[in-house]
Amino acid sequence: DLPSRNRPKWISKVVTYRIISYTRDLPRVTVDHLVAKALNMWSKEIPLSFRRVVLGIPDIVIGFARGAHGDFYPFDGPGGTLAHAYEPGPGLGGDAHFDEDERWADGRGLGINFLAVATHELGHSLGLRHSSDPDSVMYPTYGARDSENFKLSPGDIREIQELKEK
Ligand SMILES: CC(C)C[C@H](CS(C)(=N)=N)C(=O)N[C@H]1Cc2cn(c3ccccc23)CCCCCCNC1=O
Ligand SMILES: [Zn+2]
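The model shown is predicted, which means the values in this text are computed figures rather than measured ones.

Visitor: I'm lost on the packing of helix α1 (residues 28-43) against helix α2 (residues 114-125) in this one. Help?
Guide: Helix-helix packing: each pair is described by the crossing angle between the helix axes and the interaxial distance. Put simply, α1 and α2 touch, their axes get as near as 9 Å, and they point 50° apart. If you check the angle between α1 and α2, you find them oblique. Between α1 and α2 lies a crossing whose hand is right-handed. In this structure, α1 contributes V31, L34, V35, K37, A38, L39, M41 and W42 to the contact, and α2 contributes F114, L115, A118, T119, L122 and G123.

Visitor: It is not clear to me how the pattern of salt bridges should be interpreted in this structure. Could you clarify?
Guide: In total, this model carries six salt bridges according to the counting rule given. With a shortest N-O distance of 3.5 Å, E45 and K44 are connected by a salt bridge. Given a relative accessible area of 55%, K44 falls into the exposed group. A salt bridge links D106 to R108; its shortest N-O distance comes to 3.0 Å. On the accessibility criterion, D106 (22% relative accessible area) is partly exposed. Accessibility expressed as a relative area gives 67% for R108, which makes it exposed.

Visitor: Hey, could you run me through the coordination of the zinc ion (ligand 2) in this one?
Guide: Expected angles at a metal are 109.5 degrees for tetrahedral coordination by four donors and either 90 or 180 degrees for octahedral coordination by six donors. Distances from the zinc ion (ligand 2) to its protein donors, H120 (NE2), H124 (NE2) and H130 (NE2), fall within 2.0 Å. Viewed at the metal, the four donor atoms of the zinc ion (ligand 2) are separated by angles of 97 to 126°, and the geometry they form is tetrahedral. Mapped onto the polypeptide sequence, the residues donating to the zinc ion (ligand 2) form the spacing pattern H-x3-H-x5-H. With a gap of ten residues between them, H120 in helix α2 and H130 in the loop between α2 and α3 (154-165) connect regions that are remote in the sequence. For H120, a relative accessible area of 10% puts it in the buried group.

About the criteria used
- Residues numbered from 1 in each chain as written.
- Chains lettered and ligands numbered in written order.
- Predicted model: local features only at pLDDT ≥ 70, side-chain atom pairs only at ≥ 80, totals over all residues.
- Heavy atoms only, no water.
- Axes fitted to C-alpha atoms, helices over the stretch in contact; angles between N-to-C directions.
- Helix = DSSP H or I, 4+ residues; strand = E, 2+ residues; numbered from the N terminus.
- Parallel < 35°, antiparallel > 145°, perpendicular 65-115°, else oblique.
- Left-handed = near helix turned anticlockwise from the far one by under 90°.
- Contact = heavy atoms within 4.5 Å.
- Salt bridge = Lys/Arg side-chain N within 4 Å of Asp/Glu carboxyl O.
- Buried < 20%, exposed > 50% of the residue type's maximum accessible area, 1.4 Å probe, protein only.
- Donors = N, O, S within 2.8 Å, 3.2 Å for Na, K, Ca; no water.
- Tetrahedral: all angles 85-135°; square planar, octahedral: opposite > 155°, others 65-115°.

Dropping the structure here:
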C-alpha cells in the first residue's frame, strides 16, 4: 500500500466520535467503556485525543448492524467478517461498524472479545492497515485474546507513531 507519508490521517488534534447503535449482547455502559478503552489505547501513543459527542455529526460514527446496513459492505451473518471500519476522511471515513450477528463478549463470557475487535477497527479508523505479525492488533484474523492484559504490540505502537509523524 501507499508509503505512510501519503496515507490518509486525521489532521485535527481532537477527533470526535458518536456511538449510534448498540448490541443486545452487552450493557450499553460496557460498550461505551470498551470503546473509550480501545480509543485510549491508540491515543495515548500519539498527540491525538478523542471526544465523545451524543448529538450532531462526529468524525467517527460507531455502531452495530446486521446484513446490509447502508454501505457497500453488507455483513455476512454469524462468523466470517466480524466488523469493518473506514480510513480517515469525510462522511463514512473513520466509521466503524460491528456485525450484530456475532455474539459480543466483554472478555469474561464466551463470544467475540469486543475490546480486541474495537481496537483493531479503530486502528483502521486512524489509518492503519493490516500487519503480518500475529501478535499485532492489526493482524487480519481474530485470535481469542485474553482481554485482561490485552494491549498493543510494539509493532502497533511503531506503526501508529510513524503514521502520525509523516
Ligand atoms: C480481525 C478482525 C477483528 C476484523 C476482520 C475484518 S476487517 C475488514 N476489519 N479487517 C475480520 O473479521 N476478519 C475475519 C477473517 C476471516 C476468518 N475466517 C473467515 C471466514 C469468512 C470470512 C472472513 C473470515 C475464518 C473463520 C473465522 C471467522 C471468525 C473470525 N473472522 C475473522 O478473523
Ligand atoms: Zn482489519
